[in-house]
Amino acid sequence: MGKKPNMIIKRDGSKVLFDPKKIELAITKALISEGVASIFTGTAHAIAESFESENETPTIKEIEEYVFKSLCEAGLPLVAKAYEGYRSIREFQRSDQFTDESILSIVAGGTDEDLRDENSNKNVATASTQRDMIAGEASKDIAMRHMLPPHVVQAHKDGLIHFHDLDYAVQRIFNCCLVDLRGPFKDGTVINKKMIETPKSFRTACTVATQIVQQVACGQYGGQTISLAHLAPYVRVSYEKIKNQVREELFGDDVPLASPTKLCGNREVEHIAKKRLRKEIEDGLQTIQYQVNTFSTSNGQAPFLSIFMYLNEDPEYIEETAMLIEEMIKQRYIGMKNEAGVYVTPAFPKLLYVLDENNVPKDSKYRYLTDLAVKCVARRMMPDFISAKKMKENYEDVFPCMGCRSFLSQYRDKDGKLKWYNRFNQGVVTLNLADAGLSAGGNIDAFWKILDERLELVHDGLMCKHKSLLGTKAEKSPIHWQHGVIARLKKDDVIDPYLKDGYSTLSLGYIGLHECVLALIGESHTTERGEELAVRIMRRLRKACDDWRAESGLGFSLYGSPSESTTYRLAQTTQKRFGVVKGITDRDYLTNSYHVDVTEKISAFDKLRFESQFQKISSGGCISYVEVPNLEQNLEVIDQLVSYMYETIQYAEINTKSDYCAKCGFRGEIKLNNNLDWECPQCHTVNRDDLTVCRRTCGYLGDNFWNKGRTEEIGARVLHVDNEDLS
């Protein structure tokens, strides 16, 4: 017969007074980390108070074994594991770093497949990438042991949430931003303590733009977007400059400007000048494309750059903007040569083409640009399409996403005008909806309580990101904070004002809406019941962001996570917790954000219509896609899709296939074999060095292959437009 002890023995052998409240606190933290504390109120207190021991002075280990057994007997095996995990996390946080194995794998060139394929745009064999990844492993370790509270670390490790970009957490840098080139162009900028003045030509402006992009990429970890409209004024600068040069060549300096000779020659001057201008535009945009794809940033990869192509952004320069859009699309259609000298699809920059009333109707002035975009996307999977019509309905304005899909919330400057550029995203924490759904065991009422507690875990994680940036000095990234990309602060100024009052965003990410609904009601979220529940869940997520924003003044927003590597990690953690559940954990990926299950047969038009309803709710980040076969010989189908996108959905993309095998020269679609290896259908090589495979990873294109989960997801995608339907 046991009794309550007076003293206990700690791990270091010392004795302290027995305090059941400490047991209760540890159990409560386990319940919170599982998102079920509100359901099992009183459980922690009851177990803590009932502890008795036959030993006069029991050990910590004996108490932990008792708690684990009691939780299991109470029908809470997952909480028992969470309790066990919490104790191990506290031990981990007290210990030395554990990065040796992962770092040695990186140095060996990627013997750990998960690390090797974590990012489809990084080549782990190169020294620059290895340097970044080695630093990243150390950052993850330090962040989880010293920066994050135990319950956030445990929730991340258990896969209830995903704390993104831990590999940069110690550096006090942010995620992604909208770069306004107009400021650095007009007022000059500084790079590596060297003054760069206002460009005197379009060609120079393009070069300066790439230098800014490179510096921005080195001072943050996510994507960035620039606009062609910000380069357009320099087309006019170059045109005037070229005209003066041509006049001088034709007439010299001695003939007065208003003389009959010069007046009669103006037509010839303009003809020659326009021809030379076209060449300068071609060279300038080629500079951007080649620089971006050949740069290697401090992140060990090319800059994650998107280029915004919106005719109406600056009406004064609409003709120049049209010229730039035309040339940019033409160059993307051609592609870039790979190391074998064969034209292939480049991953960057991502092109964002805005559909509007002056380029969608067949008789509109700039319809020829949309025709070019249709032709290009059929071959190169770019551009992606933003509907000005739908975006104005959602935001009252038209502006680009930051990089892949992250959209800013409304912010008005001191004059009451909407401001988009010079703003940024502080970071993302993603909620695993599949796990939340399975945790409820089919009980909808329990689910809402679990969801609320999981949301608090995300909130705590996001506040960690926010607090880590507070107090950061402008000298941390001069191009951002001192030299015009975001602000022009003095080097010792702190960036705190730009973190508050909604100026920048903090993103509640989410993954697995489809799996969540399936776990709760046994149906896809495309059914009538499933759709109703999915919308309710999405609105609850959005309400959480709105509530947090109202309470704190911080720019919380709802964001459909890209989940390139997260999809695999969270699929594994969910399977570990719940075993194999058909349609949910019987595969190595979770469905991105609100998307339709990749294996579900649905037409392209129905998919776009269905998913469009979630984009307005997920205003902090969203993108939809349709999967199609090679349609280069059937552009009418692409044309119909693009027109439908303009009327129906804010932001969407079209996925086709354009691969190449260097071993046999095959062009077409390279498919996955039964071993999930990419295999040329002609010569059957599976050697990655021979294959150029470009696929839509999750918004960006990827051409360096993917982790196991994302690869399985790509292979499982069904066509939403089938060749058989077109024959």
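Per chain, residue numbering runs from 1 following the sequence as it is written. Only residues with pLDDT of at least 70 are given local features in this predicted model, and only at 80 or more are side-chain atom pairs given and counted; all residues enter the totals for whole chains, interfaces and linings. To get the side-chain values, all heavy atoms of the structure are used, and hydrogens and water are removed first.

Asks: Hey, could you run me through the overall build of the chain in this one?
Replies: Runs of H or I in DSSP of at least four residues are treated as helices and runs of E of at least two as strands, each being numbered from the N terminus. A tally of helices and strands in the chain yields 26 helices and 24 strands. Considering the chain as a whole, with its 727 residues, one finds that 59% of them fall into the buried category. The criterion used for residue contact is that any of the two residues' heavy atoms lie within 4.5 Å. Partitioning the intrachain contacts of the chain with sequence separation of at least 6 by distance along the chain shows that 72% fall at a separation of at least 24. Note on exposure labels: buried denotes an accessible area under 20% of the residue type's maximum, exposed denotes more than 50%, and partly exposed covers the range between, all computed with a 1.4 Å probe on protein chains only.

Asks: Which parts of the structure should I look at to understand the pairing of strand β12 (residues 384-387)?
Replies: Consecutive side chains of a regular strand alternate in pointing toward one face of the sheet and then the other. Alternating positions in β12 separate into two faces, D384 and I386 on one and F385 and S387 on the other, with burial throughout. Think of it this way: DSSP has to see at least two bridges between two strands before they count as a pair. As paired elements, strand β11 (residues 350-355) and β12 share 4 bridges and run parallel to each other. Bridge pairing in β12 places L352 opposite D384. Chirality of the crossover, the property in question, places the unit of β11, helix α15 (residues 367-380) and β12 among those that are right-handed. Pairing between β12 and strand β17 (residues 651-655): 2 bridges, direction antiparallel. In the strand pairing of β17, I386 is matched with Y651. For the handedness criterion, the strands are oriented away from the viewer, and a crossover whose path from the first strand over the helix to the second runs clockwise is classed as right-handed.

Asks: Quick question: what am I supposed to make of the sheet that holds strand β19 (residues 667-668) here?
Replies: Where strands meet in a sheet, backbone hydrogen bonds hold them as pairs that are either parallel or antiparallel. The strand order across the open sheet built from 3 strands is β19-β18-β22, with neighbouring strands paired in antiparallel fashion. Looking at strand neighbours, the two that pair on one side only are β19 and β22 (691-692), the edges of this open sheet. As defined by bridge partners, strand β18 (residues 659-661) adjoins β19 across 2 bridges and the pair is classed as antiparallel. Its bridge partner being in β19, D659 is matched across the sheet by G668.

Asks: Just checking my understanding: could you explain helix α21 (residues 528-552) for this structure?
Replies: Working note: α-helix, 3.6 residues per turn, so residues spaced by three or four point in the same direction. Expected span of a helix: the number of residues minus one, times 1.5 Å. Helix length check: α21 (25 residues) gives 37 Å between terminal C-alpha atoms against 36 Å at 1.5 Å per residue, within 8%. Taken together, the buried positions of α21 are occupied by G530, L533, A534, V535, I537, M538, L541, A544, C545 and W548. Taken from the residues just after α21, G553 is the one with a positive phi, measuring 80°.

Asks: Which parts of the structure should I look at to understand the packing of aromatic side chains?
Replies: Each aromatic ring pair is summarised here by two numbers: the centre-to-centre distance and the angle between the ring planes. The rule is short: rings of Phe, Tyr and Trp, with Trp giving its six-membered ring, pair when the centres are within 6.5 Å, and they are stacked under 30 degrees, edge-to-face over 60, tilted in between. Within this structure, the stated rule accounts for 23 aromatic pairs. Ring plane angle 85° and centroid distance 6.4 Å describe the contact between Y395 and W420, whose orientation is recorded as edge-to-face. Of this pair, Y395 sits in helix α16 (residues 388-395) while W420 sits in the loop between α16 and β13 (424-432); the two residues are 25 residues apart in sequence, bridging distant segments of the chain. Look at Y395 and you get buried, because its relative accessible area is 4%. A residue is classified by how much of its surface remains accessible, and W420, at 5% relative accessible area, is buried. In textbook terms, an aromatic cluster arises when at least three aromatic residues are bridged by ring pairs, as seen for F174, Y411, F424, W481, Y498 and Y503. Charges are assigned to positions over rings by a cutoff of 6 Å between ring centre and Lys NZ or Arg CZ, combined with an angular limit of 35 degrees from the ring normal. The cationic tip of K607 hangs over the ring face of Y625; the distance from NZ or CZ to the ring centre is 4.1 Å.

Asks: Hey, could you run me through α15 in this one?
Replies: With 14 residues, α15 should cover 20 Å at 1.5 Å per step; its first-to-last C-alpha distance of 20 Å lies within 8% of that length. Within α15, 10 of the 14 residues are buried, leaving the element largely enclosed by the surrounding structure. Listed in full, the buried residues belonging to α15 are R367, L369, T370, L372, A373, V374, C376, V377, A378 and R380. M381 sits one or two residues past α15 and shows a positive phi near 60°.

Asks: Got a minute to help me understand a positive patch on the surface in this structure?
Replies: The residues that make up patches have over 30% relative accessible area and no salt bridge, and they are joined within 9 Å when like-charged or within 5 Å when they are Val, Leu, Ile, Met, Phe, Trp or Tyr. The Shrake-Rupley method, run with a 1.4 Å probe sphere, supplies the accessible areas, and residue values consider only the shown protein chains as cover. For this document, the term salt bridge refers to a Lys or Arg side-chain nitrogen within 4 Å of an Asp or Glu carboxyl oxygen. When charges are counted, neither His nor the chain ends are considered; positive counts come from Lys and Arg and negative counts from Asp and Glu. Positions of charges follow a simple convention, taking NZ of Lys, CZ of Arg, CG of Asp or CD of Glu. Side chains of K193, K194, K473 and K491 sit close together on the surface and give a patch of like positive charge. Tracing the backbone through its elements, the reader meets K193 in the loop between β5 (189-191) and β6 (194-196). A relative accessible area of 80% means that K193 is categorised as exposed.

Asks: Looking at this model, I keep getting lost on the side chain of K243. Mind explaining?
Replies: With respect to the helices and strands, the residue K243 is situated in helix α11 (residues 232-251). When its relative accessible area of 10% is taken as the criterion, K243 is described as buried. Residues within four places of K243 in sequence aside, it is in contact with V269, E270 and A273.

Asks: Looking at this model, I keep getting lost on unusual backbone geometry. Mind explaining?
Replies: The bulk of non-glycine residues show a negative phi, and the bulk of peptide bonds are trans. Cis geometry is adopted by the peptide bond preceding P349, which originates at F348 and carries an omega value of -10°. Note that P349 resides in the loop between β10 (343-344) and β11. In this structure, P383 follows M382 across a cis peptide bond, with omega equal to 10°. Assignment of secondary structure puts P383 in the loop between α15 and β12. The phi angle at H684 is positive, at roughly 70°, despite the residue not being glycine.

Asks: Explain the packing of helix α20 (residues 513-521) against α21 to me, please; I cannot follow it from the model alone.
Replies: In a packed pair of helices, the relevant descriptors are the angle between the two axes and the axis-to-axis distance. All axes here are fitted lines through C-alpha atoms, helices being fitted over the stretch that makes contact, and every angle between N-to-C directions spans 0 to 180 degrees. Where α20 contacts α21, the axes come no closer than 10 Å and their chain directions differ by 120°. It follows that α20 is oblique to α21 by the angle criterion. α20 and α21 meet at a crossing whose hand is right-handed. Contact residues: α20 offers L513, C516, V517, L520 and I521, while α21 offers R529, G530, L533, A534, I537 and M538. Each residue gets one label: Ala, Val, Leu, Ile, Met, Phe, Trp, Tyr, Cys and Pro are nonpolar, Asp, Glu, Lys and Arg are charged, and the others, such as Gly, are polar. Residue composition of the contact of α20 with α21, grouped by class: 9 nonpolar, 1 polar and 1 charged. Put simply, angles under 35 degrees are roughly parallel, angles over 145 are roughly antiparallel, angles from 65 to 115 are roughly perpendicular, and the rest are oblique. It is the rotation of the near helix from the far one that decides the hand of a crossing: anticlockwise by less than a right angle makes it left-handed, clockwise makes it right-handed.

Asks: Can you help me understand the nonpolar core in this one?
Replies: Nonpolar side chains in soluble globular proteins tend to end up buried together. Buried Ala, Val, Leu, Ile, Met, Phe, Trp, Tyr and Cys residues that are joined via side-chain atoms within 4.5 Å together make up what is termed a nonpolar core. With 96 residues, the main nonpolar core has L231, W481 and I654 as its most contacted residues. Ignoring any residue separated from it by four or fewer positions in sequence, one finds W481 in contact with F174, F424, A474, I486, A487, R488, L489, I495 and Y498. In terms of nonpolar packing, the next biggest core, distinct from the first, is built from 72 residues, V354, L451, L508 and I602 among them.

Asks: Explain the pattern of salt bridges here, please?
Replies: Where charged atoms of side chains with opposite charge meet at close range, the side chains can pair. All chains considered together, the criterion is met by 40 salt bridges. The salt bridge involving K389 is made with E647; its shortest N-O contact spans 2.4 Å. With K389 in helix α16 and E647 in helix α24 (residues 635-648), this pair connects stretches of sequence that are 258 residues apart. Owing to a relative accessible area of 33%, K389 belongs among the partly exposed residues under this scheme. Here E647 falls in the partly exposed class, since its relative accessible area comes to 42%. Of the charged contacts, one joins E713 and R717 as a salt bridge, the two residues approaching to 3.0 Å between their closest N and O atoms. On the basis of relative accessible area, E713 is assigned to the buried category, the value being 5%. Residue R717 is classed as buried on the basis of its relative accessible area of 12%. A single network of salt bridges, built from pairs that share partners, joins E627, K657, R710, E713 and R717.

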